[in-house]
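Listed below are the residues making up each chain.
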Amino acid sequence: MCPSASDAVWVTPDPRVLLRAWGDSYVAYNVASGDTHQLGALAGGIIERLQVTGMTRVELFKILGSEKPVNDAQFGEILESTLADLENLGLITVRRA
């Protein structure tokens, strides 16, 4: 389940997820599972940022929300759903601070 506590820090798992961008699409390879996933711009952008440093949901919202043409409530739901999807795929995980 997707944590919403402010102390939840999202990270990419070890071994790292390999990510490649093609226009507005991304392809992610999960080294641990051997699975490859085609991702949209938001999901790929989340992984790109988390590969640099762990971030909270609020930090991701501030960075990515300004790029989206939807209101804050809608984007919050989309972000929460995308984080849950990426976690279910094993591409990101949460680390409690």
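Residues numbered from 1 in each chain as written. Predicted model: local features only at pLDDT ≥ 70, side-chain atom pairs only at ≥ 80, totals over all residues. Heavy atoms only, no water.

(A) Geometry of a nonpolar patch on the surface. A surface patch of nonpolar side chains, amounting to about 230 Å² of accessible area, comprises L18, Y29 and V31. Relative to the assigned elements, L18 resides in strand β2 (residues 17-22). (Patch = residues over 30% accessible without salt bridge, like charges linked within 9 Å, V, L, I, M, F, W, Y side chains within 5 Å. Areas by Shrake-Rupley, 256 points an atom, 1.4 Å probe, with all protein chains shown as cover. Salt bridge = Lys/Arg side-chain N within 4 Å of Asp/Glu carboxyl O. Helix = DSSP H or I, 4+ residues; strand = E, 2+ residues; numbered from the N terminus.)

(B) Local environment of the pairing of strand β4 (residues 35-39). Pairing between strand β3 (residues 25-30) and β4: five bridges, direction antiparallel. Each bridged residue has a counterpart across the sheet, and for V27 the counterpart in β4 is Q38. (Pairing = 2+ DSSP bridges.)

(C) Just the sheet that holds β2, in detail. The three strands are arranged β2-β3-β4 in an open sheet whose pairing can be described as antiparallel. The open sheet has two edge strands, β2 and β4, and neither has a second partner. Each neighbouring strand pair of the sheet contributes to a mean axis angle of 20°, computed without reference to strand direction. Set on the sheet, helix α1 (residues 41-52) makes contact with β2, β3 and β4; between it and β2 the angle comes to about 130°. (Axes fitted to C-alpha atoms, helices over the stretch in contact; angles between N-to-C directions. Contact = heavy atoms within 4.5 Å.)

(D) Representation of the pattern of salt bridges. Counted under the stated rule, the structure contains one salt bridge. The salt bridge involving E80 is made with R57; its shortest N-O contact spans 2.5 Å. Within this pair, whereas E80 is found in helix α3 (residues 72-88), its partner R57 is found in helix α2 (residues 57-65), the two being separated by 23 residues in sequence.

(E) Broad picture of the packing of α2 against α3. The N-to-C vectors of α2 and α3 enclose an angle of 120°; their axes lie 11 Å apart at closest approach. Taken together, the axes of α2 and α3 are oblique relative to one another. For α2 against α3, the interelement crossing comes out right-handed. Residues R57, L60, F61, L64 and G65 of α2 pack against D72, F75, G76, L79, E80 and L83 of α3. Class assignment for the residues of the contact of α2 with α3 results in six nonpolar, two polar and three charged. (Parallel < 35°, antiparallel > 145°, perpendicular 65-115°, else oblique. Left-handed = near helix turned anticlockwise from the far one by under 90°. Nonpolar A, V, L, I, M, F, W, Y, C, P; charged D, E, K, R; others polar.)

(F) Representation of the pairing of β2. Where β2 meets β3, six bridges bridge the pair, whose relative direction is antiparallel. Each bridged residue has a counterpart across the sheet, and for L19 the counterpart in β3 is A28. Connecting the antiparallel pair β2 and β3 is a turn made up of two residues, with G23 showing a positive phi of about 60°.

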